[in-house]
Amino acid sequence: MFQCDTLIFGCGAMGHEVAMQLSERGIRADLFSYNADEVALMQAKGLDATVIDHTDDDQLRSIGIGGWVKTLFCLFKEEPQNLFLTLSARALDPNLKIICVCESAQSGRKLMTAGATKVIDPYEISGHRVHELIARPYLVEMLENTVFGRNIDIAEVEIPQGSSLEGVYLDDLQLGKRYNLIILGVVDLELGHDLIFSHSGVKHKLDAGDLLVVIGPGSEMSRLRETILNNQMELPDELAHP
């Protein structure tokens, strides 16, 4: 049985992207999550994904943490899950390389204290390029030197007049459930060119002309743009306009 030395915890958009990037370099990475639905989705895409209880040290040992595993990616959507996994994994292996994703500088410090080798804030890193992208799109078409070592697309998608997204709050879009994308936030050109981050706590109601700023594979960007342009975005019943 092959003993994989690179593990990814978290089967959302970020976990999928990292797994694909590593695969392109010839590095196999097995995915794990406590969320059975996310695991099933990764399996449907042909990836090695397994349901696991990451709070159980015996289960962590059974997949090589504290043994043959050299690199661990903590990419859960929820900060407490990444923090708990980092603490557990570090206790099992003082030399393990642990790479975590965080949502803020404060959470990053907590993860470093818990034993993370490297902490990455994708919103902060890509945010440095957003103004440049919006102001000079012909100069910046991709997010360079991304946190995982290769380029991924970063783009703005304009909400057209008459869109079903008008009046919907940014926080309620939940694009990650339908697209392999991470939504950074929105630029409301009526207010200026600053990015309103999706995790800033600001309740922003979308209007025609707003620019959704997202990162992810180019194919998913095109799919989202086409769906919005053709006004085919499906919204939950509670968000749909009467």
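Right, let's walk through the structure included here. (Residues numbered from 1 in each chain as written. Predicted model: local features only at pLDDT ≥ 70, side-chain atom pairs only at ≥ 80, totals over all residues. Heavy atoms only, no water.)

Details of the sheet that holds strand E2 (residues 30-33)
Strand order in the open sheet made by the six strands is E3-E2-E1-E4-E5-E6, with parallel pairing throughout. Each end of this open sheet is capped by a strand with a single partner; those strands are strand E3 (49-51) and strand E6 (118-120). Direction aside, neighbouring strands of the sheet carry axes that sit 20° apart on average. In this structure, strand E5 (residues 97-101) lies alongside E6, joined through three bridges in parallel fashion. Bridged to isoleucine 99 within E6 is lysine 118. Contacting strand E1 (6-9), E2, strand E4 (71-74) and E5, helix H1 (residues 13-24) crosses the sheet at an angle of about 160° to E1. (Pairing = 2+ DSSP bridges. Helix = DSSP H or I, 4+ residues; strand = E, 2+ residues; numbered from the N terminus. Axes fitted to C-alpha atoms, helices over the stretch in contact; angles between N-to-C directions. Contact = heavy atoms within 4.5 Å.)

Let's talk about the state of the cysteines
Tallied over the full model, the rule gives zero disulfides. Free of any disulfide, cysteine 74 has its nearest cysteine sulfur in cysteine 100, 3.9 Å distant. (Disulfide = S-S within 2.5 Å.)

Things to note about the environment of glutamate 220
Position of glutamate 220 among the secondary structure elements: in helix H7 (residues 218-229). Linking glutamate 220 and asparagine 180, residues 40 residues apart in sequence, is a C-alpha distance of 6.3 Å. Ignoring sequence-local partners within four residues, the contact set of glutamate 220 consists of Arg178, Tyr179, Asn180 and Leu181.

Topic: the pairing of E2
Burial along E2 is two-sided: the residues Asp30 and Phe32 and Leu31 and Ser33 are all buried. As defined by bridge partners, E1 adjoins E2 across three bridges and the pair is classed as parallel. Counterpart to phenylalanine 9 in the pairing with E2 is phenylalanine 32. Pairing of E2 with E3, which is carried by three bridges, proceeds in the parallel orientation. Paired with leucine 31 across the bridge in E3 is alanine 49. For the handedness criterion, the β-α-β arrangement of E2, helix H2 (residues 36-44) and E3 is classed as right-handed. (Buried < 20%, exposed > 50% of the residue type's maximum accessible area, 1.4 Å probe, protein only. Right-handed = clockwise from strand over helix to strand, strands pointing away.)

The quantities given are spatial measurements derived from coordinates; they are silent on function.
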